[in-house]
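This is what each chain is made of:
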Amino acid sequence: MEMREGLDFRKVIVTIVMFAGSILFLLPFIWMLVTSFKVESEVFTYPIQWIPKQWNVIENYKEVWFGQYPFTTYYWNSIKIGVTTTLLSCLVSAMAAYGFSKIKFKASNFLFLIVLITYMIPGQAILIPQFILYRNIGLFDSHLGLILLGSFSVLGTFMLRQFFMGLHQEFIESAKIDGAGHPRIFWSIALPLVKPAVATYAILRFIWTWNDYTNPLIFIRSDQLLTLPIAVQKFTSMSGEFYSLIMAAAVSAILPLIIVFIIGQKSVIEGIALGGVKG
């Protein structure tokens, strides 16, 4: 009885500490959100006013969405690139991971080692060759070029390969006995079994693509093709003295990421749990 009470007491302490830590981490985001609702004269008042005396929500967000740098266009660009890149990257990475884990052929381990070695090359080291290649083949200053840049991920292939390797080989052999080939086995058996892992990678891939600053900066020149990170930087340069507008732009930029994570957090937890189970 005493041990149970001790355990309960420790759980209460841990819960209180974690709750206090979560509030501490959330405070900057709460301040950012509240600041985006204020008039500029109230932004740096001391002590901090967590509830604005004068609300300026409509004017701030109207300037962000329909002003000199309209976020409607940049939102559409980022959503189009993010969703398409995520779908294509999940497909390519899953197919490559299945091939390296379940299809045995000569030098398969050696080829996978080469793939892993490419992950050690800094992205900045290949920017110039990529720039020259894209300019020569006509993919410079296009959304298709950005989508192709993120369509293959060494980390995604490695991550999904680990999950495919955890599948029982009996599933594959039974399907082969029934006459199924590797394409049918991949689509009908293997991929559904690792769906939580694919969903986890899809969330990570979307976040990486949405926050990507370097590639759009290098490979996009037309203003109407810019993505949201570049738009936020331009908007910040234009509105450097108006922090309420900058915070409104920041809130608009991170809102889709919060929505995606809230929707997909169950899949993330399932993917982590699946990774901890070795069949």
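Anything mentioned here points back to the structure above.
Participant: Lay out the layout of surface pockets with the relevant residues and their values.
Facilitator: Rolled over the atoms, a probe with the dimensions of a water molecule shows which regions are left empty. Of the volumes computed, that of the largest pocket is approximately 940 Å³. Gly123, Leu149, Phe152, Arg205 and Asn215 are the residues nearest the centre of the largest pocket, which is lined by 30 residues in total. Looking at the lining of the largest pocket residue by residue, the classes come out as 15 nonpolar, 13 polar and two charged.

Participant: Quick rundown of a nonpolar patch on the surface? Include the residues and the values.
Facilitator: On the surface, Phe19, Ile23, Leu24, Leu26, Leu27, Phe29, Ile30, Ile48, Trp50, Ile51 and Trp55 cluster together into a nonpolar patch covering about 1100 Å² of accessible area. Among the secondary structure elements, Leu27 is positioned in helix α1 (residues 2–35).

Participant: Describe in detail the packing of helix α3 (residues 71–102) against helix α9 (residues 182–193), supporting the description with residues and values.
Facilitator: In contact at an axis separation of 11 Å, α3 and α9 are set at 105 degrees when each is read in the N-to-C sense. The angle between α3 and α9 places the two elements in the roughly perpendicular class. Residues Leu91, Ala94, Met95, Tyr98 and Lys102 of α3 touch α9, and the partners they reach there are His182, Ile185, Phe186, Trp187, Ala190 and Leu191. Class assignment for the residues of the contact of α3 with α9 results in nine nonpolar, one polar and one charged.

Participant: Can you explain helix α4 (residues 108–118)? Please cite residues and give values.
Facilitator: Buried residues of α4: Ser108, Phe112 and Val115, and no others. The buried residues of α4 occupy an angular sector of 50 degrees when projected down its axis, which confines them to one face. In α4, the exposed positions that point more than 90 degrees away from the buried face belong to Asn109 and Phe110. Next to the buried residues of α4 lie α3 and α7 (154–165).

Participant: So, the packing of aromatic side chains: which residues are in play, and what are the values?
Facilitator: Given two aromatic rings, their pairing is described by the distance between the two centres and the angle made by the two planes. If you walk through the whole model with that rule in mind, you get 16 aromatic pairs. Arranged with centres 5.7 Å apart and planes meeting at 80 degrees, the rings of Tyr75 and Trp210 form a pair that is edge-to-face. Of this pair, Tyr75 sits in helix α3 while Trp210 sits in helix α10 (residues 195–211), placing them 135 residues apart in sequence. The two residues Tyr75 and Trp210 agree in class, both being buried. When the ring of Tyr134 is compared with that of Phe219, the centres are 5.3 Å apart and the planes differ by 50 degrees; the resulting orientation is tilted. With a gap of 85 residues between them, Tyr134 in helix α5 (residues 127–137) and Phe219 in helix α11 (residues 214–219) connect regions that are remote in the sequence. Put simply, the rings of Trp65, Phe71, Tyr75, Phe206, Trp210 and Phe235 pair up and form one aromatic cluster. It is Arg161 that lies over the ring of Phe112; its NZ or CZ is 4.1 Å from the centre.

So, how was this worked out
Within each chain, residues carry numbers counting from 1 in the order of the written sequence. Reporting of local features is limited, given that this is a predicted model, to residues whose pLDDT is at least 70; pairs of side-chain atoms are given and counted only at 80 or more, and all residues count toward the totals for whole chains, interfaces and linings. As a convention, hydrogens and water are excluded, and side-chain values are obtained from all of the structure's heavy atoms. For cavity detection a 1 Å grid was placed over the protein atoms alone, and a set of points counts as a cavity when a 1.4 Å probe fits there but cannot get out; an open set counts as a pocket when protein lies on both sides within 12 Å along at least five of seven lines, with lining residues being those that have an atom within 4 Å of a point. Grid points are joined across faces, edges and corners, and a volume is the space filled by probe spheres set on the points. Three residue categories are used. Nonpolar comprises Ala, Val, Leu, Ile, Met, Phe, Trp, Tyr, Cys and Pro, charged comprises Asp, Glu, Lys and Arg, and polar comprises the others, including Gly. Excluding any residue in a salt bridge, patches collect residues exceeding 30% relative accessible area, merging like charges within 9 Å and nonpolar Val, Leu, Ile, Met, Phe, Trp and Tyr side chains within 5 Å. Every accessible area reported is derived by Shrake-Rupley at a probe size of 1.4 Å, with residue values counting cover from the shown protein chains alone. In what follows, salt bridge is the name for a side-chain nitrogen of Lys or Arg lying within 4 Å of a carboxyl oxygen of Asp or Glu. Strands are runs of DSSP state E lasting at least two residues, helices are runs of H or I lasting at least four, and both sets are numbered from the N terminus onward. The axes are straight lines fitted to the C-alpha atoms, using for helices just the contacting stretch, and the angles between their N-to-C directions are given from 0 to 180°. If an angle is under 35 degrees, it is roughly parallel; if it is over 145, roughly antiparallel; if it lies from 65 to 115, roughly perpendicular; otherwise it is oblique. Contacts between residues were defined by any pair of non-hydrogen atoms, one from each residue, lying within 4.5 Å. Relative accessible area decides the class of each residue, using a 1.4 Å probe on protein chains only: under 20% of the type maximum gives buried, over 50% gives exposed, and in between gives partly exposed. Directions drawn from the helix axis to the C-beta atoms are what define this arc. Each Phe, Tyr or Trp ring, with Trp reduced to its six-membered ring, pairs with another whose centre is within 6.5 Å; inter-plane angles below 30 degrees give stacked pairs, above 60 give edge-to-face pairs, and intermediate values give tilted ones. Lysine and arginine charges are scored as sitting over a ring when NZ or CZ, respectively, is within 6 Å of the ring centre and within 35 degrees of the ring normal.

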